[in-house]
Amino acid sequence: MSMKYLEEKKNDYITRSEEILNAAKAEERELTAEELKELDEINENVKKIVRALEIDKALEDEKTMEKKDDAGAAADEESVEAKEERMFEEYIRSMALGTPMNTRDGELTPAVNSAGATIPTTIANKIIEKVYAICPILEKTTKYNVPGKIQIPCYDDSTTDIEVAYASEFTPLASSNGKFVTIELDGFLAGALSKISLSLVNNSKFNITDYVVKRMARAIKRFIERELLNGTENKVEGLSSATNVVTAAATNAITADELIDVQDAVIDEYQDDAMWLMSSKTRTALRKLKDQEGRYILQDDVTAPFGKVLLGKPVYVSDNMPEIAAGNTAIIYGDMSGLASKFSEQLNIQVLREKFADEHAVGVVGWFEFDSKVEDQQKISKLVMKAS
């Protein structure tokens, strides 16, 4: 029942009561018993409608206040973000130019320690979000963003599968020899350097925050992607620790059959989210491969994540992937969730004034911790070229 209907009903009742009273006045008589009864009923009905309208108004007022509170909270949140961005820019400018920060009354300067200044949460989040957006390999890994070393248990049933067989009552089942192993993720310190021209720092219209976020995210992405794909001895292992290997018959060429072997090295259960990783030159070589019907096996597909598909799966090209050459890992394939990563989401920043003084620039270094290892070997395979 709408409030408009109740308003109209209330007005109808009032009009009816006025008609009864005016009729009695015009006839100069007392109200009859029936008229008195009807007026009493009208009075009760009007009271009920008025009460209902009051309740409805109170509820609407409460909803309006809640909307105002939500809008106010959103505005406060936006103001915090804007404040942190402004303070971040002021900090960069003051450190670069050697001038005091223009802080407002009651505002705190960024926290500074031996490693530099802690990036405000909103700035750090923007950098992290940008890194994930431009580094799909990292985005698809299984992430463990916790401080310190962590040990991840992995079930190793490579020797004997879990046995399932018919059984009889009171007869024990045979157990498998599968066991749990662990991989350890550490935190290796790395730094991303972004240089800013002092001419740009002096330009009040130049958005330092966006510049630092984009440049630092790209630098971190390039480093992390290289480590994920190739690893570094005694540091991050990344996909270099993958043991599911197909060896090419040649040092400088790849065949369609070898691609099928690489793809089938990953069991069907993990094929849904699988992807190909390779360099641009490797992709160019594969674009020239044809099947027995003379059709190119690498196809353009605007609906695929990266615009190309090979044997039905998307192809991601990275400049960090080795090219086709003797002993190189030319192609990696699989579900990247089989790769575990630990990427610290707590960034520290340092502003380097003197180091780049002769370049009329200032350096901004972002420090973070990172590690990665293959967590599930069954999800990853790779093609290694024949050694010379």
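First things first, this report covers the structure right here in the doc. It should be emphasised that the depicted structure is a prediction, and the values quoted were computed from it without experimental measurement. (Residues numbered from 1 in each chain as written. Predicted model: local features only at pLDDT ≥ 70, side-chain atom pairs only at ≥ 80, totals over all residues. Heavy atoms only, no water.)

1. Some details on the overall build of the protein
Part 1: Secondary structure assignment for the protein yields 8 helices and 16 strands.
Part 2: With 388 residues in all, the protein has 37% of them scored as buried.
Part 3: A separation of at least 24 residues holds for 75% of the contacts in the protein among residues at least 6 apart in sequence.
Part 4: Here the protein has roughly 23000 Å² of accessible surface; of this, 49% comes from carbon and sulfur atoms. (Helix = DSSP H or I, 4+ residues; strand = E, 2+ residues; numbered from the N terminus. Buried < 20%, exposed > 50% of the residue type's maximum accessible area, 1.4 Å probe, protein only. Contact = heavy atoms within 4.5 Å. Areas by Shrake-Rupley, 256 points an atom, 1.4 Å probe, with all protein chains shown as cover.)

2. Describing unusual backbone geometry
Most peptide bonds take the trans form, and the phi angle of most residues other than glycine is negative.
Part 1: For glutamate 28, which is not glycine, the phi torsion reads 50° and is therefore positive.
Part 2: Along the chain, the position of glutamate 28 falls in the loop between helix H1 (3-26) and helix H2 (33-97).
Part 3: Of the residues examined, glutamate 28 reaches a relative accessible area of 75% and is grouped as exposed.
Part 4: Of note, asparagine 234 is a non-glycine position whose phi angle comes to about 65°, a positive value.
Part 5: Tracing the sequence through the fold places asparagine 234 in the loop between helix H6 (208-230) and strand E7 (245-247).

3. Considering a negative patch on the surface
Part 1: A surface patch of like charges, here negative, comprises Asp257, Asp261, Asp264 and Asp268.
Part 2: Mapped onto the secondary structure, aspartate 268 falls in the loop between helix H7 (256-264) and strand E8 (275-278).
Part 3: The class of aspartate 268 is exposed, set by a relative accessible area of 67%. (Patch = residues over 30% accessible without salt bridge, like charges linked within 9 Å, V, L, I, M, F, W, Y side chains within 5 Å. Salt bridge = Lys/Arg side-chain N within 4 Å of Asp/Glu carboxyl O. Lys, Arg positive; Asp, Glu negative; His and termini not counted. Charge placed at Lys NZ, Arg CZ, Asp CG, Glu CD.)

4. Looking at helix H3 (residues 121-134)
A turn of α-helix holds 3.6 residues, and therefore any two residues three or four places apart point the same way.
Part 1: Given a rise of 1.5 Å per residue, 14 residues ought to cover 20 Å, and the 20 Å separating the end C-alpha atoms of H3 matches this to within 8%.
Part 2: By the burial criterion, the buried members of H3 are Thr122, Ile123, Ala124, Ile127, Ile128, Val131 and Tyr132. (Expected span 1.5 Å × (residues − 1).)

5. With respect to the pattern of salt bridges
Side chains bearing opposite charge may pair, as long as their charged atoms lie close to each other.
Part 1: If you walk through the whole model with that rule in mind, you get 12 salt bridges.
Part 2: Lysine 221 is the salt-bridge partner of glutamate 225, the closest N and O atoms lying 3.7 Å from each other. Of this pair, glutamate 225 and lysine 221 both sit in helix H6, separated by 4 residues, roughly a single helical turn. For the pair glutamate 225 and lysine 221, one class covers both residues: buried.
Part 3: Overlapping salt bridges bring together Arg16, Glu19 and Glu38 as one network.

6. Considering the packing of H3 against H6
Part 1: Their axes nearest at 9 Å, the elements H3 and H6 cross at an angle of 45°. Comparing the axis directions of H3 and H6 gives the class oblique. Judged by the sense of rotation from one axis to the other, the crossing of H3 with H6 is right-handed. Judged by residue contacts, Ile123, Lys126, Ile127, Lys130, Val131 and Ile134 of H3 engage Thr209, Val213, Met216, Ala217, Arg218, Ile220 and Lys221 from H6.
Part 2: Broken down by class, the residue content of the contact of H3 with H6 amounts to 8 nonpolar, 1 polar and 4 charged. (Axes fitted to C-alpha atoms, helices over the stretch in contact; angles between N-to-C directions. Parallel < 35°, antiparallel > 145°, perpendicular 65-115°, else oblique. Left-handed = near helix turned anticlockwise from the far one by under 90°. Nonpolar A, V, L, I, M, F, W, Y, C, P; charged D, E, K, R; others polar.)

7. Topic: the side chain of glutamate 89
Part 1: Looking at where glutamate 89 falls in the secondary structure, it is placed in helix H2.
Part 2: For glutamate 89, a relative accessible area of 15% puts it in the buried group.
Part 3: Polar contacts involving the side chain of glutamate 89 include one to the main-chain amide nitrogen of isoleucine 208, which spans 3.1 Å.
Part 4: Not counting residues within four places of it along the chain, the set of residues in contact with glutamate 89 comprises Phe206, Asn207, Ile208 and Thr209. (Polar contact = N/O pair within 3.5 Å; in protein donor to acceptor, adjacent residues only side chain to side chain.)

8. Describing the pairing of strand E16 (residues 380-384)
Regular strands place their side chains on alternate faces of the sheet.
Part 1: Within E16, 5 of the 5 residues are buried, which leaves the element mostly enclosed by the surrounding structure.
Part 2: Residues Ile380, Lys382 and Val384 point to one face of E16 and Ser381 and Leu383 to the other, with burial holding for every one of them.
Part 3: Of the strand pairs in this sheet, E7 and E16 are connected by 3 bridges, and their pairing is parallel. In the strand pairing of E16, valine 246 is matched with leucine 383.
Part 4: In this sheet, E16 lies alongside strand E12 (residues 329-334) in antiparallel orientation, the contact comprising 5 bridges. Within the sheet, the bridge partner assigned to isoleucine 332 lies in E16 and is lysine 382. (Pairing = 2+ DSSP bridges.)

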